[in-house]
Amino acid sequence: AVQGSTLQLQPLSDPLALCSDGTAAKYYWRAGSSSSRLWIIFLEGGGWCYDAESCTGRCGSDPAYSTRSLCSSRGYASTKVVPGLLSPVAGSPLATAHRIFVPYCTSDAHMGNGTSWGRQFRGAAVVNAVLRAAVARGLGGGGQKHTLLFG
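Reference entry: report on the structure contained in this document.

Quick notes on the rules
Residues numbered from 1 in each chain as written. Predicted model: local features only at pLDDT ≥ 70, side-chain atom pairs only at ≥ 80, totals over all residues. Heavy atoms only, no water. Helix = DSSP H or I, 4+ residues; strand = E, 2+ residues; numbered from the N terminus. Contact = heavy atoms within 4.5 Å. Disulfide = S-S within 2.5 Å. Buried < 20%, exposed > 50% of the residue type's maximum accessible area, 1.4 Å probe, protein only. Arc of directions from axis to C-beta. Pairing = 2+ DSSP bridges. Axes fitted to C-alpha atoms, helices over the stretch in contact; angles between N-to-C directions.

## A few points about the side chain of Ser36
Step number 1: Looking at the element boundaries, Ser36 is found in the loop between strand 2 (26-30) and strand 3 (38-43).
Step number 2: When sequence neighbours within four positions are dropped, the list of residues in contact with Ser36 reads Thr96, Ala97 and His98.

This is the structure we're talking about:
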């Protein structure tokens, strides 16, 4: 069994925060301690596609329907156990951090904001929406310095 922190699936409010197949992108969240000003945002990796053929190989033949996790949010579980950086050991300076895991479903290295070959490439919109959600949850608030580990 994977050991790590359990994060909860959350929606994004931006209608352009889409996976390659047009499903709504989402993120996983776990609140840190109420006094924590430390935030960890982890962007999942997973390669990309660069033409119609590579996108078909990656996501399937129907641009508007995929069951592959690198192209769709259809199969996302309501919780996710995440090891590593998002699961620091007790007593670690990171143990009280607020944690966000961003599943990779945009096939564009989290940088795109457009469409091609009938597919959505909205990684930049997803990242921006996640950052707005973090701000809504308190990132940068309270007039105090916050630390963000991002990547």
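## With respect to the state of the cysteines
Step number 1: The full count for this structure, using the stated rule, is three disulfides.
Step number 2: What pairs with Cys19 in a disulfide is Cys105, and their sulfur atoms sit 2.1 Å apart. Measuring handedness by torsion sign, the sulfur bridge of Cys19 and Cys105 sits at about -75 degrees and is left-handed. Highlighted residues: Cys19 in the loop between strand 1 (5-11) and strand 2 and Cys105 in the loop between strand 5 (98-102) and strand 6 (114-116), separated in sequence by 86 residues. For the pair Cys19 and Cys105, one class covers both residues: buried.
Step number 3: Sulfur-sulfur distance for the disulfide between Cys59 and Cys71 comes to 2.0 Å. The disulfide joining Cys59 to Cys71 has a torsion of about -75 degrees about its S-S bond and is therefore left-handed. Placement of Cys59 in helix 1 (residues 52-59) and of Cys71 in the loop between helix 1 and strand 4 (79-82) is noted, with a sequence separation of twelve residues between them.

## A closer look at helix 1
Given 3.6 residues to a turn, an α-helix orients residues that are three or four positions apart in the same direction.
Step number 1: For helix 1, the set of buried residues is Ser54, Cys55, Arg58 and Cys59. All buried residues of helix 1 project into a common sector of 110 degrees when viewed along the axis, lining one side. Relative to its buried face, helix 1 has exposed residues pointing more than 90 degrees away, namely Glu53 and Gly57.
Step number 2: Those residues of helix 1 hidden inside the fold are in contact with strand 7 (119-121).
Step number 3: Count one or two residues on from helix 1 and you reach Gly60, which has phi positive near 105 degrees.

## Regarding the sheet that holds strand 4
Step number 1: Reading across the sheet, the six strands line up as 4-1-2-5-3-8 and stay open at both edges, with mixed pairing between neighbours. The open sheet has two free edges, formed respectively by strand 4 and strand 8 (147-150), since each of these has just one partner strand. The sheet shows a mean angle of 25 degrees between the axes of neighbouring strands, direction not considered.
Step number 2: Contacting strand 2, strand 3, strand 5 and strand 8, helix 2 (residues 123-136) runs over the sheet at an angle of about 160 degrees to strand 3.

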